[in-house]
Amino acid sequence: MGKGKEQDTRFARFGVVSFTAVTKVNDFIGYLQEGKLMGTRCKRCGKLFFPPRADCFECLSSDMEWFEVKGRGKLLSFAKLSYAPVGFEKVLPYTLGLLDFGDFKVFGWVSKDIPEEELEVGMEMVPRVVRLEGDRLLYEFVKAS
Amino acid sequence: MGRVAIIGVGQSAFVRAYPGSLRELAFEAFKEAVEDAKVKPGEIEASLICSAPEYDRQRSPAGVIAEYLGLIPQPTCYVETVCSSSTTGVIMAYSMIKAGLYRIVAVIGVQKMSELSSMEVQERMGRGADIQWESPFGTMMPAYYALYARAYMAKHGLTLEDLARVRIKSSLYGQINEKAVYRKPVSMEDFLNPESRFAQLVASPLRVGDCCANADGSSCIILASEDVAKSVCEKPVWILGVGSAAEAVTMTGRPDLSEGLRVAKVAAEKAYRMAGLGPKDIDVAEVHDCFTIAEIMAYENLGFAKPGEGKELIRAKETYKEGSIPVNVDGGLLSKGHPIGATGGSQVRTIVLQLRGEAGPMQVKDPEIGLVHNIGGVGLYGNVIIMGR
Ligand SMILES: [Zn+2]
(Lines give C-alpha, C1' and ligand atoms only; values in the text may rest on other atoms or scores of the structure.)
Protein backbone atom coordinates (compact mmCIF):
# COMPACT_ATOMS: atom_id res chain seq x y z
CA MET A 1 0.00 0.00 0.00
CA GLY A 2 2.61 2.56 1.08
CA LYS A 3 5.42 3.91 -1.08
CA GLY A 4 8.70 2.49 0.21
CA LYS A 5 9.39 3.55 3.75
CA GLU A 6 7.13 6.58 3.55
CA GLN A 7 4.05 6.41 5.81
CA ASP A 8 0.78 6.21 3.93
CA THR A 9 -1.14 9.05 5.55
CA ARG A 10 -3.97 9.34 3.05
CA PHE A 11 -6.59 8.94 5.77
CA ALA A 12 -5.72 12.43 7.01
CA ARG A 13 -7.80 13.67 4.06
CA PHE A 14 -11.03 12.08 5.32
CA GLY A 15 -13.79 14.37 6.46
CA VAL A 16 -13.96 18.00 7.52
CA VAL A 17 -11.50 17.28 10.31
CA SER A 18 -9.71 13.95 10.54
CA PHE A 19 -8.29 12.60 13.75
CA THR A 20 -6.14 9.79 12.43
CA ALA A 21 -3.91 9.48 9.37
CA VAL A 22 -2.65 5.92 9.23
CA THR A 23 -4.75 2.79 8.84
CA LYS A 24 -4.46 -0.47 6.93
CA VAL A 25 -7.61 0.45 5.04
CA ASN A 26 -6.15 3.64 3.57
CA ASP A 27 -7.21 2.48 0.10
CA PHE A 28 -10.67 3.64 1.20
CA ILE A 29 -9.41 7.15 0.50
CA GLY A 30 -7.97 6.09 -2.87
CA TYR A 31 -11.40 4.75 -3.83
CA LEU A 32 -13.16 7.91 -2.60
CA GLN A 33 -10.78 9.82 -4.87
CA GLU A 34 -12.18 7.72 -7.76
CA GLY A 35 -15.72 8.52 -6.62
CA LYS A 36 -16.33 5.09 -5.09
CA LEU A 37 -17.57 4.30 -1.58
CA MET A 38 -16.13 0.95 -0.56
CA GLY A 39 -16.41 -1.54 2.27
CA THR A 40 -14.51 -4.77 2.87
CA ARG A 41 -15.55 -8.42 2.61
CA CYS A 42 -13.83 -11.19 4.52
CA LYS A 43 -12.56 -13.66 1.95
CA ARG A 44 -12.67 -16.52 4.41
CA CYS A 45 -16.16 -16.20 5.92
CA GLY A 46 -17.81 -13.72 3.56
CA LYS A 47 -18.81 -11.17 6.22
CA LEU A 48 -19.35 -7.65 4.89
CA PHE A 49 -17.97 -4.66 6.74
CA PHE A 50 -18.86 -1.02 6.51
CA PRO A 51 -16.97 0.95 7.57
CA PRO A 52 -14.20 -1.23 6.10
CA ARG A 53 -11.97 -3.26 8.38
CA ALA A 54 -8.59 -4.88 7.88
CA ASP A 55 -9.43 -7.76 10.19
CA CYS A 56 -12.51 -9.98 10.60
CA PHE A 57 -13.74 -10.41 14.16
CA GLU A 58 -15.90 -13.34 13.11
CA CYS A 59 -13.18 -15.69 11.86
CA LEU A 60 -10.05 -13.66 12.72
CA SER A 61 -8.88 -13.66 9.10
CA SER A 62 -7.10 -10.60 7.71
CA ASP A 63 -7.65 -11.65 4.12
CA MET A 64 -10.06 -8.99 2.89
CA GLU A 65 -11.30 -7.76 -0.45
CA TRP A 66 -13.01 -4.47 -1.31
CA PHE A 67 -16.63 -4.17 -2.45
CA GLU A 68 -18.47 -1.09 -3.63
CA VAL A 69 -21.48 0.24 -1.69
CA LYS A 70 -24.09 0.29 -4.43
CA GLY A 71 -27.82 0.73 -4.70
CA ARG A 72 -30.37 2.28 -2.36
CA GLY A 73 -30.30 2.39 1.38
CA LYS A 74 -33.17 3.18 3.73
CA LEU A 75 -32.80 6.26 5.92
CA LEU A 76 -33.00 4.97 9.50
CA SER A 77 -32.58 8.35 11.16
CA PHE A 78 -31.19 11.84 10.72
CA ALA A 79 -30.33 14.86 12.84
CA LYS A 80 -29.60 18.42 11.75
CA LEU A 81 -26.97 20.11 13.90
CA SER A 82 -27.22 23.73 14.98
CA TYR A 83 -24.06 23.49 17.07
CA ALA A 84 -20.87 21.75 16.11
CA PRO A 85 -17.60 20.59 17.58
CA VAL A 86 -14.46 22.64 17.15
CA GLY A 87 -13.39 22.75 13.49
CA PHE A 88 -16.88 22.19 12.10
CA GLU A 89 -18.39 25.64 12.76
CA LYS A 90 -17.81 26.73 9.18
CA VAL A 91 -19.87 23.89 7.71
CA LEU A 92 -22.91 24.42 9.97
CA PRO A 93 -25.72 23.58 9.67
CA TYR A 94 -25.25 20.01 8.46
CA THR A 95 -27.24 16.83 8.83
CA LEU A 96 -26.03 13.41 9.95
CA GLY A 97 -27.83 10.30 8.80
CA LEU A 98 -27.75 6.52 8.93
CA LEU A 99 -28.59 4.37 5.88
CA ASP A 100 -29.53 0.70 6.05
CA PHE A 101 -28.39 -1.53 3.18
CA GLY A 102 -29.58 -4.76 4.78
CA ASP A 103 -26.23 -6.50 5.24
CA PHE A 104 -24.58 -3.36 6.59
CA LYS A 105 -25.29 0.26 7.48
CA VAL A 106 -23.57 3.48 6.39
CA PHE A 107 -23.23 6.58 8.58
CA GLY A 108 -22.63 9.92 6.90
CA TRP A 109 -23.86 13.34 5.90
CA VAL A 110 -27.25 13.95 4.38
CA SER A 111 -26.83 16.33 1.43
CA LYS A 112 -27.47 19.99 2.18
CA ASP A 113 -29.35 20.13 -1.13
CA ILE A 114 -32.31 18.45 0.55
CA PRO A 115 -34.46 20.66 2.80
CA GLU A 116 -35.03 19.06 6.20
CA GLU A 117 -38.81 19.02 5.62
CA GLU A 118 -38.28 16.62 2.71
CA LEU A 119 -36.41 14.11 4.84
CA GLU A 120 -38.24 11.26 6.46
CA VAL A 121 -37.34 8.05 8.21
CA GLY A 122 -37.67 5.16 5.77
CA MET A 123 -36.99 7.13 2.55
CA GLU A 124 -34.58 5.65 0.01
CA MET A 125 -31.24 7.34 -0.51
CA VAL A 126 -27.93 6.69 -2.20
CA PRO A 127 -24.45 7.72 -1.14
CA ARG A 128 -22.19 9.93 -3.24
CA VAL A 129 -18.65 11.12 -2.75
CA VAL A 130 -18.11 14.83 -2.15
CA ARG A 131 -14.92 16.86 -2.37
CA LEU A 132 -14.41 19.48 0.30
CA GLU A 133 -12.11 22.47 0.45
CA GLY A 134 -8.44 21.66 0.76
CA ASP A 135 -8.50 18.38 -1.22
CA ARG A 136 -10.53 16.64 1.46
CA LEU A 137 -12.99 13.81 0.81
CA LEU A 138 -16.29 12.84 2.34
CA TYR A 139 -19.52 11.14 1.32
CA GLU A 140 -23.13 12.18 1.69
CA PHE A 141 -26.58 10.81 0.99
CA VAL A 142 -28.91 12.09 -1.74
CA LYS A 143 -32.43 11.05 -2.72
CA ALA A 144 -32.60 7.87 -4.78
CA SER A 145 -33.91 8.79 -8.23
CA MET B 1 -19.51 -15.96 50.30
CA GLY B 2 -20.65 -12.83 52.12
CA ARG B 3 -22.65 -9.99 50.72
CA VAL B 4 -21.31 -6.52 49.85
CA ALA B 5 -22.85 -3.34 51.25
CA ILE B 6 -22.64 0.36 50.65
CA ILE B 7 -21.79 1.91 54.01
CA GLY B 8 -21.14 5.52 53.05
CA VAL B 9 -22.15 7.98 50.33
CA GLY B 10 -21.13 11.52 49.52
CA GLN B 11 -21.52 14.10 46.81
CA SER B 12 -20.30 17.63 46.23
CA ALA B 13 -22.74 20.22 44.98
CA PHE B 14 -22.80 20.03 41.17
CA VAL B 15 -21.86 23.50 39.92
CA ARG B 16 -21.04 25.31 36.67
CA ALA B 17 -17.49 26.16 37.73
CA TYR B 18 -15.93 24.76 40.88
CA PRO B 19 -13.63 27.29 42.58
CA GLY B 20 -10.87 24.82 43.36
CA SER B 21 -8.69 22.08 41.91
CA LEU B 22 -9.64 18.54 40.93
CA ARG B 23 -8.26 16.99 44.12
CA GLU B 24 -10.06 19.59 46.25
CA LEU B 25 -13.27 18.80 44.44
CA ALA B 26 -12.75 15.08 45.11
CA PHE B 27 -12.21 15.87 48.81
CA GLU B 28 -15.74 17.30 49.14
CA ALA B 29 -17.53 14.07 48.27
CA PHE B 30 -14.95 11.93 50.02
CA LYS B 31 -15.28 13.78 53.35
CA GLU B 32 -19.05 13.42 53.27
CA ALA B 33 -18.87 9.69 52.48
CA VAL B 34 -16.21 8.90 55.09
CA GLU B 35 -18.14 10.75 57.78
CA ASP B 36 -21.29 8.97 56.67
CA ALA B 37 -19.57 5.56 56.80
CA LYS B 38 -17.93 6.27 60.15
CA VAL B 39 -14.60 4.86 58.98
CA LYS B 40 -11.18 6.49 58.89
CA PRO B 41 -9.37 7.06 55.58
CA GLY B 42 -6.64 4.70 56.82
CA GLU B 43 -9.17 1.89 57.14
CA ILE B 44 -10.05 2.12 53.45
CA GLU B 45 -8.02 -0.67 51.87
CA ALA B 46 -8.17 0.45 48.23
CA SER B 47 -9.58 3.28 46.13
CA LEU B 48 -10.83 3.59 42.57
CA ILE B 49 -10.71 7.02 40.98
CA CYS B 50 -13.31 7.37 38.23
CA SER B 51 -13.45 10.11 35.62
CA ALA B 52 -13.27 10.71 31.89
CA PRO B 53 -9.80 11.68 30.68
CA GLU B 54 -8.87 14.87 28.82
CA TYR B 55 -10.69 17.34 31.04
CA ASP B 56 -7.74 17.80 33.39
CA ARG B 57 -4.12 18.76 32.89
CA GLN B 58 -3.08 16.12 35.40
CA ARG B 59 -2.13 12.83 33.80
CA SER B 60 -2.95 9.71 35.83
CA PRO B 61 -4.98 11.59 38.46
CA ALA B 62 -5.61 8.53 40.67
CA GLY B 63 -2.33 8.77 42.58
CA VAL B 64 -2.61 12.52 43.16
CA ILE B 65 -6.17 12.25 44.42
CA ALA B 66 -5.46 9.20 46.60
CA GLU B 67 -2.60 11.05 48.25
CA TYR B 68 -4.71 14.17 48.84
CA LEU B 69 -7.43 12.05 50.47
CA GLY B 70 -5.02 10.24 52.76
CA LEU B 71 -5.50 6.94 50.94
CA ILE B 72 -1.85 5.98 50.46
CA PRO B 73 -0.02 3.63 50.62
CA GLN B 74 -3.15 1.62 49.87
CA PRO B 75 -3.53 0.82 46.17
CA THR B 76 -5.49 3.00 43.78
CA CYS B 77 -6.15 3.10 40.06
CA TYR B 78 -8.09 5.00 37.45
CA VAL B 79 -11.38 3.61 36.11
CA GLU B 80 -12.88 4.91 32.91
CA THR B 81 -16.05 4.22 30.94
CA VAL B 82 -16.79 7.92 30.25
CA CYS B 83 -20.17 8.89 31.75
CA SER B 84 -20.57 5.55 33.53
CA SER B 85 -17.08 5.52 35.07
CA SER B 86 -18.19 5.64 38.69
CA THR B 87 -20.75 2.83 38.44
CA THR B 88 -18.07 0.79 36.69
CA GLY B 89 -15.99 1.66 39.77
CA VAL B 90 -18.76 0.48 42.09
CA ILE B 91 -19.07 -2.81 40.21
CA MET B 92 -15.29 -3.29 40.28
CA ALA B 93 -15.17 -2.51 44.01
CA TYR B 94 -17.99 -5.01 44.54
CA SER B 95 -15.89 -7.64 42.73
CA MET B 96 -12.74 -6.80 44.69
CA ILE B 97 -14.57 -7.24 47.99
CA LYS B 98 -16.45 -10.31 46.78
CA ALA B 99 -13.11 -11.86 45.80
CA GLY B 100 -11.95 -11.43 49.40
CA LEU B 101 -8.96 -9.24 48.55
CA TYR B 102 -10.29 -6.11 50.27
CA ARG B 103 -12.83 -5.35 52.99
CA ILE B 104 -13.42 -1.61 52.45
CA VAL B 105 -13.07 0.14 49.07
CA ALA B 106 -13.80 3.78 48.19
CA VAL B 107 -15.07 4.67 44.72
CA ILE B 108 -14.46 8.32 43.94
CA GLY B 109 -15.99 9.91 40.85
CA VAL B 110 -14.81 13.36 39.91
CA GLN B 111 -14.92 15.71 36.93
CA LYS B 112 -13.96 19.33 36.50
CA MET B 113 -15.22 20.35 33.08
CA SER B 114 -15.21 24.10 33.60
CA GLU B 115 -11.60 24.55 32.59
CA LEU B 116 -12.63 23.95 29.00
CA SER B 117 -14.98 26.02 26.85
CA SER B 118 -18.31 24.40 26.05
CA MET B 119 -17.10 24.04 22.44
CA GLU B 120 -13.92 22.28 23.55
CA VAL B 121 -16.01 20.00 25.70
CA GLN B 122 -18.11 19.21 22.64
CA GLU B 123 -15.00 18.44 20.65
CA ARG B 124 -13.91 15.95 23.27
CA MET B 125 -17.41 14.54 23.47
CA GLY B 126 -17.34 14.08 19.69
CA ARG B 127 -14.13 12.12 20.00
CA GLY B 128 -15.93 9.83 22.43
CA ALA B 129 -17.37 8.48 19.19
CA ASP B 130 -15.37 6.58 16.56
CA ILE B 131 -12.63 9.04 15.59
CA GLN B 132 -11.74 7.16 12.44
CA TRP B 133 -15.16 6.78 10.82
CA GLU B 134 -17.66 9.13 12.45
CA SER B 135 -15.94 12.10 14.11
CA PRO B 136 -14.75 13.40 10.69
CA PHE B 137 -18.44 14.16 9.95
CA GLY B 138 -18.70 16.48 12.97
CA THR B 139 -20.50 14.29 15.45
CA MET B 140 -21.33 15.09 19.04
CA MET B 141 -23.37 13.65 21.85
CA PRO B 142 -26.64 15.54 21.25
CA ALA B 143 -26.55 14.56 17.57
CA TYR B 144 -26.27 10.87 18.36
CA TYR B 145 -29.10 10.97 20.87
CA ALA B 146 -31.05 12.97 18.29
CA LEU B 147 -30.63 10.03 15.88
CA TYR B 148 -32.08 7.74 18.54
CA ALA B 149 -34.88 10.23 19.24
CA ARG B 150 -35.84 10.59 15.56
CA ALA B 151 -35.91 6.84 14.95
CA TYR B 152 -37.86 6.27 18.16
CA MET B 153 -40.39 9.03 17.47
CA ALA B 154 -40.98 7.79 13.92
CA LYS B 155 -41.71 4.27 15.11
CA HIS B 156 -43.57 4.84 18.38
CA GLY B 157 -45.41 8.13 18.02
CA LEU B 158 -43.50 9.84 20.81
CA THR B 159 -43.98 13.61 20.59
CA LEU B 160 -41.83 16.64 21.37
CA GLU B 161 -44.31 17.37 24.17
CA ASP B 162 -43.54 13.96 25.70
CA LEU B 163 -39.84 14.82 25.70
CA ALA B 164 -40.65 18.15 27.36
CA ARG B 165 -42.64 16.27 30.01
CA VAL B 166 -39.47 14.45 31.06
CA ARG B 167 -37.67 17.75 31.58
CA ILE B 168 -40.61 19.26 33.44
CA LYS B 169 -40.62 16.32 35.87
CA SER B 170 -36.88 16.63 36.30
CA SER B 171 -37.13 20.33 37.12
CA LEU B 172 -39.72 19.68 39.80
CA TYR B 173 -37.13 17.67 41.75
CA GLY B 174 -34.14 19.78 40.71
CA GLN B 175 -35.79 22.61 42.61
CA ILE B 176 -35.72 20.66 45.86
CA ASN B 177 -32.25 19.14 45.40
CA GLU B 178 -29.76 21.49 47.01
CA LYS B 179 -26.91 19.85 45.13
CA ALA B 180 -28.39 20.33 41.64
CA VAL B 181 -26.94 22.87 39.21
CA TYR B 182 -30.29 23.72 37.59
CA ARG B 183 -32.93 24.61 40.16
CA LYS B 184 -35.48 26.69 38.27
CA PRO B 185 -38.95 25.48 37.35
CA VAL B 186 -39.58 24.46 33.74
CA SER B 187 -42.99 24.51 32.07
CA MET B 188 -44.39 23.33 28.74
CA GLU B 189 -44.51 27.00 27.78
CA ASP B 190 -40.69 27.10 27.93
CA PHE B 191 -40.63 24.53 25.12
CA LEU B 192 -43.56 25.85 23.09
CA ASN B 193 -42.48 29.49 22.96
CA PRO B 194 -40.14 29.67 19.94
CA GLU B 195 -38.31 32.61 21.53
CA SER B 196 -37.45 30.62 24.63
CA ARG B 197 -33.91 29.32 25.09
CA PHE B 198 -35.26 25.87 25.88
CA ALA B 199 -36.95 25.68 22.48
CA GLN B 200 -33.77 26.32 20.46
CA LEU B 201 -32.66 23.32 18.43
CA VAL B 202 -29.32 21.75 19.26
CA ALA B 203 -29.55 18.74 16.96
CA SER B 204 -33.04 18.21 15.58
CA PRO B 205 -35.33 17.05 17.06
CA LEU B 206 -33.54 17.73 20.37
CA ARG B 207 -33.70 21.23 21.84
CA VAL B 208 -31.67 22.99 24.51
CA GLY B 209 -34.29 21.91 27.07
CA ASP B 210 -33.79 18.26 26.10
CA CYS B 211 -30.11 18.30 27.04
CA CYS B 212 -28.39 18.13 30.40
CA ALA B 213 -25.73 20.69 31.25
CA ASN B 214 -22.06 20.05 31.89
CA ALA B 215 -21.02 20.55 35.48
CA ASP B 216 -18.17 20.17 37.92
CA GLY B 217 -18.73 17.70 40.68
CA SER B 218 -17.60 14.73 42.71
CA SER B 219 -19.21 11.67 44.26
CA CYS B 220 -17.97 8.99 46.63
CA ILE B 221 -19.35 5.55 47.45
CA ILE B 222 -17.76 3.42 50.16
CA LEU B 223 -18.34 -0.32 49.93
CA ALA B 224 -17.61 -2.96 52.54
CA SER B 225 -17.77 -6.68 53.14
CA GLU B 226 -20.75 -8.05 55.06
CA ASP B 227 -18.92 -8.47 58.36
CA VAL B 228 -17.47 -4.95 58.27
CA ALA B 229 -20.80 -3.45 57.18
CA LYS B 230 -22.67 -5.14 60.01
CA SER B 231 -20.19 -3.92 62.61
CA VAL B 232 -19.84 -0.27 61.51
CA CYS B 233 -23.09 0.59 59.77
CA GLU B 234 -26.61 0.99 61.14
CA LYS B 235 -28.30 1.02 57.75
CA PRO B 236 -26.19 -0.86 55.25
CA VAL B 237 -27.58 -0.91 51.73
CA TRP B 238 -26.87 -4.24 50.06
CA ILE B 239 -25.86 -4.71 46.47
CA LEU B 240 -28.26 -7.36 45.19
CA GLY B 241 -27.40 -7.44 41.50
CA VAL B 242 -25.03 -5.87 39.02
CA GLY B 243 -24.84 -6.01 35.24
CA SER B 244 -22.66 -4.38 32.60
CA ALA B 245 -22.46 -4.37 28.82
CA ALA B 246 -20.64 -2.76 25.90
CA GLU B 247 -21.82 -1.77 22.43
CA ALA B 248 -20.37 -0.95 18.99
CA VAL B 249 -18.99 2.58 18.98
CA THR B 250 -20.22 3.23 15.47
CA MET B 251 -23.91 3.76 14.70
CA THR B 252 -23.41 1.31 11.81
CA GLY B 253 -22.84 -1.50 14.30
CA ARG B 254 -25.99 -0.83 16.33
CA PRO B 255 -29.27 -2.72 16.41
CA ASP B 256 -32.54 -0.86 15.63
CA LEU B 257 -32.21 2.62 17.16
CA SER B 258 -35.94 2.75 17.96
CA GLU B 259 -35.42 -0.02 20.52
CA GLY B 260 -33.23 2.15 22.73
CA LEU B 261 -29.87 1.10 24.08
CA ARG B 262 -28.83 -2.56 23.89
CA VAL B 263 -26.29 -2.06 26.70
CA ALA B 264 -29.09 -1.08 29.06
CA LYS B 265 -31.18 -4.10 28.15
CA VAL B 266 -28.27 -6.53 28.52
CA ALA B 267 -27.01 -4.97 31.77
CA ALA B 268 -30.53 -4.93 33.24
CA GLU B 269 -31.15 -8.58 32.34
CA LYS B 270 -27.92 -9.57 34.10
CA ALA B 271 -28.64 -7.47 37.19
CA TYR B 272 -32.24 -8.69 37.50
CA ARG B 273 -31.13 -12.32 37.13
CA MET B 274 -28.40 -11.94 39.74
CA ALA B 275 -30.77 -10.25 42.19
CA GLY B 276 -33.58 -12.71 41.47
CA LEU B 277 -35.84 -9.71 40.89
CA GLY B 278 -37.74 -8.13 38.03
CA PRO B 279 -38.84 -4.64 36.95
CA LYS B 280 -42.01 -4.89 39.04
CA ASP B 281 -39.93 -5.23 42.22
CA ILE B 282 -38.19 -1.87 41.80
CA ASP B 283 -39.53 0.83 44.12
CA VAL B 284 -37.33 3.74 43.02
CA ALA B 285 -34.90 4.20 40.13
CA GLU B 286 -32.20 6.52 38.89
CA VAL B 287 -31.74 6.45 35.12
CA HIS B 288 -29.20 8.12 32.86
CA ASP B 289 -31.23 11.03 31.46
CA CYS B 290 -28.40 12.89 29.73
CA PHE B 291 -31.13 13.75 27.20
CA THR B 292 -34.90 13.56 27.63
CA ILE B 293 -35.16 10.76 25.05
CA ALA B 294 -32.68 8.73 27.10
CA GLU B 295 -35.11 8.56 30.02
CA ILE B 296 -37.96 7.32 27.82
CA MET B 297 -35.71 4.64 26.32
CA ALA B 298 -34.52 3.69 29.82
CA TYR B 299 -38.12 3.03 30.95
CA GLU B 300 -38.38 0.41 28.22
CA ASN B 301 -34.87 -1.01 28.38
CA LEU B 302 -35.29 -1.59 32.13
CA GLY B 303 -38.69 -3.22 31.63
CA PHE B 304 -40.72 -0.53 33.42
CA ALA B 305 -42.69 -0.17 30.18
CA LYS B 306 -43.17 -2.37 27.11
CA PRO B 307 -41.33 -1.37 23.93
CA GLY B 308 -42.92 1.79 22.52
CA GLU B 309 -44.94 2.45 25.67
CA GLY B 310 -42.42 4.50 27.64
CA LYS B 311 -44.32 7.65 26.79
CA GLU B 312 -47.37 6.38 28.66
CA LEU B 313 -45.41 6.36 31.92
CA ILE B 314 -44.48 10.02 31.71
CA ARG B 315 -47.92 11.07 30.39
CA ALA B 316 -49.60 9.34 33.35
CA LYS B 317 -46.97 10.73 35.77
CA GLU B 318 -46.17 7.18 36.88
CA THR B 319 -42.48 8.11 37.21
CA TYR B 320 -43.20 10.99 39.57
CA LYS B 321 -42.48 10.58 43.28
CA GLU B 322 -46.06 9.46 43.98
CA GLY B 323 -46.29 7.23 40.90
CA SER B 324 -45.93 3.46 40.52
CA ILE B 325 -42.22 3.65 39.61
CA PRO B 326 -40.55 6.93 40.69
CA VAL B 327 -37.61 7.78 38.41
CA ASN B 328 -34.98 10.47 38.94
CA VAL B 329 -36.74 12.15 41.83
CA ASP B 330 -33.45 13.94 42.58
CA GLY B 331 -33.70 15.86 39.29
CA GLY B 332 -31.61 13.43 37.26
CA LEU B 333 -28.77 14.54 35.04
CA LEU B 334 -31.09 17.06 33.37
CA SER B 335 -31.36 19.13 36.56
CA LYS B 336 -28.40 18.01 38.65
CA GLY B 337 -25.95 18.52 35.80
CA HIS B 338 -23.61 15.89 34.40
CA PRO B 339 -20.04 15.90 35.75
CA ILE B 340 -19.20 12.81 33.69
CA GLY B 341 -17.07 10.75 36.08
CA ALA B 342 -19.10 11.75 39.16
CA THR B 343 -22.57 11.07 37.74
CA GLY B 344 -22.95 7.34 38.44
CA GLY B 345 -21.83 7.75 42.04
CA SER B 346 -24.37 10.51 42.49
CA GLN B 347 -27.11 8.18 41.19
CA VAL B 348 -26.01 5.43 43.60
CA ARG B 349 -25.97 7.94 46.46
CA THR B 350 -29.54 8.98 45.70
CA ILE B 351 -30.77 5.38 45.80
CA VAL B 352 -28.86 4.65 49.03
CA LEU B 353 -30.42 7.72 50.70
CA GLN B 354 -33.85 6.66 49.42
CA LEU B 355 -33.48 3.13 50.80
CA ARG B 356 -32.33 4.48 54.15
CA GLY B 357 -35.27 6.88 54.24
CA GLU B 358 -32.91 9.85 54.32
CA ALA B 359 -33.77 11.54 51.01
CA GLY B 360 -35.51 14.50 52.66
CA PRO B 361 -38.07 16.29 50.47
CA MET B 362 -37.27 13.85 47.63
CA GLN B 363 -38.10 10.80 49.73
CA VAL B 364 -40.26 8.16 48.05
CA LYS B 365 -42.60 6.31 50.40
CA ASP B 366 -40.82 3.39 52.08
CA PRO B 367 -38.83 1.90 49.17
CA GLU B 368 -37.17 -1.49 49.67
CA ILE B 369 -35.49 -2.05 46.32
CA GLY B 370 -33.77 0.59 44.18
CA LEU B 371 -32.07 0.54 40.79
CA VAL B 372 -29.38 2.61 39.07
CA HIS B 373 -29.02 2.76 35.25
CA ASN B 374 -25.86 4.57 34.19
CA ILE B 375 -24.75 4.84 30.56
CA GLY B 376 -21.29 5.68 29.19
CA GLY B 377 -21.03 7.52 25.88
CA VAL B 378 -23.98 7.11 23.53
CA GLY B 379 -24.94 3.69 24.83
CA LEU B 380 -21.35 2.55 24.46
CA TYR B 381 -21.19 1.24 28.02
CA GLY B 382 -24.06 0.40 30.34
CA ASN B 383 -24.21 -0.47 34.03
CA VAL B 384 -27.23 -1.48 36.10
CA ILE B 385 -27.00 -1.88 39.87
CA ILE B 386 -29.85 -3.15 42.06
CA MET B 387 -29.74 -2.39 45.77
CA GLY B 388 -31.85 -3.31 48.77
CA ARG B 389 -32.13 -2.64 52.49
ZN1 LIG C 1 -14.24 -13.64 8.46
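(A) Expanded view of the overall build of chain A. Scanning chain A for helices and strands turns up one helix and eight strands. Taken from N to C terminus, the helices and strands of chain A fall in the order α-β-β-β-β-β-β-β-β. At 16 Å, chain A has a C-alpha radius of gyration in line with the 15 Å of a compact globule built from 145 residues. Across its three principal axes, chain A shows a C-alpha extent of roughly 45 × 35 × 25 Å. Taken across its 145 residues, chain A has 46% of its residues classed as buried. A separation threshold of at least 6 residues defines the contact pool for chain A, and within that pool the share at least 24 residues apart is 47%. In the form shown here, chain A has an accessible surface area of approximately 7,300 Å², with 47% of it arising from carbon and sulfur atoms.

(B) Up close: the overall build of chain B. Check the secondary structure of chain B and you find 13 helices and eleven strands. Dimensions along the principal axes, computed over C-alpha positions, put chain B at roughly 55 × 45 × 40 Å. Counting only residues that meet the buried cut, chain B has 65% of its 389 residues in that class. Sequence separation of 24 or more characterises 76% of the internal contacts of chain B that already satisfy a separation of 6 or more.

(C) Quick peek at the packing of helix α1 (residues 22-37) of chain B against helix α2 (residues 61-68) of chain B. Residues and elements named next belong to chain B. One can describe the packing of α1 onto α2 by two numbers: an axis separation of 9 Å at closest approach and a directional angle of 55 degrees. Between α1 and α2, the crossing angle belongs to the class labelled oblique. For α1 against α2, the interelement crossing comes out right-handed. Note on element contacts: α2 touches α1 through P61, V64, I65 and Y68, opposite L22, R23, E24, A26 and F27.

(D) Focus on the sheet that holds strand β1 (residues 38-42) of chain A. Residue and element names in this part refer to chain A. The antiparallel open sheet is built from three strands, whose spatial order is β2-β1-β3. Sheet topology places β2 (48-49) and β3 (64-68) at the edges, where each strand pairs with a single neighbour. Summarising the sheet, β1 and β2 pair through two bridges and their orientation is antiparallel. Considered in β2, the bridge of T40 is made with F49.

(E) Summary view of the pattern of salt bridges. All names here are of chain A. All chains considered together, the criterion is met by 35 salt bridges over all chains. Here R10 ties to D27 by a salt bridge, and the two come within 2.8 Å at their closest N and O atoms. On the criterion of sequence distance, the pair formed by R10 in the segment before α1 (27-33) and D27 in helix α1 is long-range, its members being 17 residues apart. When its relative accessible area of 25% is taken as the criterion, R10 is described as partly exposed.

(F) Region of interest: the interface of chain A and chain B. At the interface, 39 residues of chain A touch 32 residues of chain B. Together chain A and chain B conceal approximately 2,900 Å² of surface at their shared face, both sides included; 72% is due to carbon and sulfur atoms. Considering only the side of chain A, the residues that lose the most area to chain B are F19(A), Y83(A) and F107(A), jointly responsible for 22% of the buried surface there. In this structure, E116(A) and R150(B) form a salt bridge, with 3.4 Å as the shortest nitrogen-oxygen distance. Taken together, chain A and chain B are joined by twelve residue pairs in polar contact (both at pLDDT 80 or more). Among the secondary structure elements, those contributing two or more residues to the side of chain A that touches chain B are β4 (73-81), β5 (94-100), β6 (105-110) and β8 (136-143) of chain A. The greatest single-element share of the side of chain A that touches chain B, amounting to six residues, is contributed by β4(A). The class makeup of the residues in the side of chain A that touches chain B is 28 nonpolar, seven polar and four charged.

(G) Inspection of helix α9 (residues 262-275) of chain B at higher detail. Residues and elements named next belong to chain B. Its 14 residues place the ends of α9 20 Å apart at the C-alpha level, agreeing with the 20 Å of an ideal helix rising 1.5 Å per residue. Every buried residue belonging to α9 is among V263, A264, A267, A268, A271 and Y272, and all of these are buried. The buried side chains of α9 occupy one side of the element, clustering within an arc of 150 degrees when seen end-on.

(H) Fine view of the nonpolar core. In this structure, F14(A), F28(A), Y139(A), Y145(B), L223(B), I293(B) and M387(B) are the most contacted members of the largest nonpolar core, which totals 146 residues. The biggest single contributor to this core is helix α5 (residues 141-156) of chain B, with eleven residues. Two domains each provide a minimum of three residues to this core, namely domain 1 (10-68) and domain 2 (73-143) of chain A. The residues contacting F28(A), other than those within four sequence positions of it, are F11(A), F14(A), L37(A), M38(A), F50(A), P52(A), W66(A), Y139(A) and W133(B). Core analysis: the next-biggest nonpolar cluster, separate from the first, contains 30 residues, A26(B), A29(B), A33(B) and L69(B) among them.

Cut-offs and rules
Residues numbered from 1 in each chain as written. Chains lettered and ligands numbered in written order. Predicted model: local features only at pLDDT ≥ 70, side-chain atom pairs only at ≥ 80, totals over all residues. Heavy atoms only, no water. Helix = DSSP H or I, 4+ residues; strand = E, 2+ residues; numbered from the N terminus. Rg over C-alpha atoms; globule rule 2.2 N^0.38 Å. Buried < 20%, exposed > 50% of the residue type's maximum accessible area, 1.4 Å probe, protein only. Contact = heavy atoms within 4.5 Å. Areas by Shrake-Rupley, 256 points an atom, 1.4 Å probe, with all protein chains shown as cover. Axes fitted to C-alpha atoms, helices over the stretch in contact; angles between N-to-C directions. Parallel < 35°, antiparallel > 145°, perpendicular 65-115°, else oblique. Left-handed = near helix turned anticlockwise from the far one by under 90°. Pairing = 2+ DSSP bridges. Salt bridge = Lys/Arg side-chain N within 4 Å of Asp/Glu carboxyl O. Buried area = accessible area lost by both parts, 1.4 Å probe. Polar contact = N/O pair within 3.5 Å; in protein donor to acceptor, adjacent residues only side chain to side chain. Nonpolar A, V, L, I, M, F, W, Y, C, P; charged D, E, K, R; others polar. Expected span 1.5 Å × (residues − 1). Arc of directions from axis to C-beta. Core = buried A, V, L, I, M, F, W, Y, C linked by side-chain atoms within 4.5 Å. Domains from an automatic or database assignment.

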